[in-house]
Amino acid sequence: MNDETINEMIIKCPACAKNGVAKSIMKEIEIPHFGKVMETTIQCPACGFKHSDIIALEQNEPAKYVLEINKSTLSVRVVRSQSATVIIPEIGVKVEPGPKSEGYVTNVEGVLTRFESAVKKALNLFDDEESQINGKKALDSIQELINGNGTATLIILDPFGQSNVVSEKVEILEIPEEELRELKTGFSHIEEN
């Protein structure tokens, strides 16, 4: 990876609001299998706040990545851009991008762990019987996959083609136009009347 610091400055902390203590760093990085990205980091030594994000600087053709999740694919590298939707249809879990979406680089197990954490939070938020039953079922399925038991399908839909699944086993498909129109991007749109 070739790092080039573009901007480094001391700013007001967005968490504790102390002036002149948080460090903001922006770097342009070339990531193999992904391309050029802007890595941003904010750290505050006063309160411990830390936030980092990866913003893709290149746009490619829309792409749909499909990979079977099984014991042998848990370590497969996954790059999810801030505009991608991640789905495991057999479990009924889906993460769509929003205005605060962050890109990340992880592996299949890391994606499962993110879903596991989200389902646990949902179980704490929604206490109706149906939500609890569905949430616990999804959680059990995710944990089985993390333990290398069973199979499921990981689907990443990226309207800007900035995500990647680094494996010979991944199937990379075009996203049909009608499906592409329905995809969320995480970016706000202002329409003229």
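In this report, the structure presented in the accompanying data block is examined. Being a predicted model, the structure only gives us computed values, none of them experimental.

**A short note on the environment of Val37**
Along the polypeptide, Val37 turns up in strand S3 (residues 35-43). Spatially, the C-alpha atoms of Val37 and Glu96 are 21 Å apart, while their sequence positions differ by 59 residues. For Val37, the contacting residues outside a window of four places in its chain are Lys27, Glu28, Ile29, Ile31, Ile54, Ile55, Ala56 and Leu57.

**Quick word on the nonpolar core**
In terms of nonpolar packing, the biggest core is built from 29 residues, with Ile69, Ile88, Val108, Leu112 and Leu154 touching the most fellow members. Put simply, the parts of the chain that give this core at least two residues each are strand S5 (63-69), strand S7 (85-88), helix H1 (108-125), helix H2 (129-146) and strand S10 (152-158). If one sorts the elements of this core by residue count, H1 sits on top with six residues. Apart from the residues within four sequence positions on either side, Val108 is in contact with Leu67, Ile69, Thr73, Leu74, Val76, Val78 and Leu154. Formed by seven residues, the second largest nonpolar core is a distinct cluster that contains Val66, Ile155, Leu157 and Leu180.

**Regarding a negative patch on the surface**
A grouping of Asp127, Asp128, Glu129 and Glu130 is seen on the molecular surface, where their side chains present a negatively charged patch. Along the chain, Asp128 falls in the loop between H1 and H2. By relative accessible area, which is 36% here, Asp128 ends up partly exposed.

**A short note on the layout of surface pockets**
Think of a ball as big as a water molecule: rolled over the atoms, this probe shows where empty space is left. By volume, the largest pocket amounts to about 330 Å³. Considering the residues around the largest pocket, the lining is formed by 13 residues, among which Val95, Tyr104, Arg114, Phe115 and Ala118 are closest to the centre. For the lining of the largest pocket, the leading source of residues is H1, giving six residues. When the residues that make up the lining of the largest pocket are grouped by side-chain class, the tally is six nonpolar, two polar and five charged.

**Side note on H1**
The end-to-end C-alpha distance of H1, which contains 18 residues, comes to 26 Å, matching closely the 26 Å that a straight helix rising 1.5 Å per residue would cover. Turning to H1, its buried residues are Val108, Gly110, Val111, Leu112, Phe115, Glu116, Val119 and Leu123. Between a side-chain oxygen at the N-terminus of H1 and the backbone nitrogen of Glu109 the separation is 3.2 Å; the capping residue is Asn107.

**Quick word on the sheet that holds S5**
The five strands lie next to each other as S8-S7-S10-S5-S12, forming an open sheet whose pairing is antiparallel. The open sheet has two edge strands, strand S8 (93-95) and strand S12 (171-173), and neither has a second partner. Neighbour-to-neighbour, the strand axes of this sheet turn through a mean angle of 15 degrees, independent of strand direction. Across three bridges, the pairing between S7 and S8 is antiparallel. Its bridge partner lying in S8, Ile87 is registered against Lys94.

**Digging into the packing of H1 against H2**
The N-to-C vectors of H1 and H2 enclose an angle of 160 degrees; their axes lie 9 Å apart at closest approach. On the basis of their axis angle, the class for H1 and H2 is roughly antiparallel. In this structure, the crossing between H1 and H2 has a hand that is left-handed. For the pair H1 and H2, contact is made by Glu109, Leu112, Thr113, Phe115, Glu116, Val119, Lys120 and Leu123 and by Ser131, Gln132, Gly135, Lys136, Leu139, Ile142, Gln143, Leu145 and Ile146, respectively. Of the residues assigned to the contact of H1 with H2, the class counts are eight nonpolar, five polar and four charged.

Quick notes on the rules
- Residues numbered from 1 in each chain as written.
- Predicted model: local features only at pLDDT ≥ 70, side-chain atom pairs only at ≥ 80, totals over all residues.
- Heavy atoms only, no water.
- Helix = DSSP H or I, 4+ residues; strand = E, 2+ residues; numbered from the N terminus.
- Contact = heavy atoms within 4.5 Å.
- Core = buried A, V, L, I, M, F, W, Y, C linked by side-chain atoms within 4.5 Å.
- Buried < 20%, exposed > 50% of the residue type's maximum accessible area, 1.4 Å probe, protein only.
- Patch = residues over 30% accessible without salt bridge, like charges linked within 9 Å, V, L, I, M, F, W, Y side chains within 5 Å.
- Areas by Shrake-Rupley, 256 points an atom, 1.4 Å probe, with all protein chains shown as cover.
- Salt bridge = Lys/Arg side-chain N within 4 Å of Asp/Glu carboxyl O.
- Lys, Arg positive; Asp, Glu negative; His and termini not counted.
- Charge placed at Lys NZ, Arg CZ, Asp CG, Glu CD.
- 1 Å grid on protein atoms, 1.4 Å probe; cavity = no way out; pocket = protein on both sides within 12 Å on 5 of 7 lines; lining within 4 Å.
- Points joined across faces, edges and corners; volume = space filled by probe spheres on them.
- Nonpolar A, V, L, I, M, F, W, Y, C, P; charged D, E, K, R; others polar.
- Expected span 1.5 Å × (residues − 1).
- Polar contact = N/O pair within 3.5 Å; in protein donor to acceptor, adjacent residues only side chain to side chain.
- Pairing = 2+ DSSP bridges.
- Axes fitted to C-alpha atoms, helices over the stretch in contact; angles between N-to-C directions.
- Parallel < 35°, antiparallel > 145°, perpendicular 65-115°, else oblique.
- Left-handed = near helix turned anticlockwise from the far one by under 90°.

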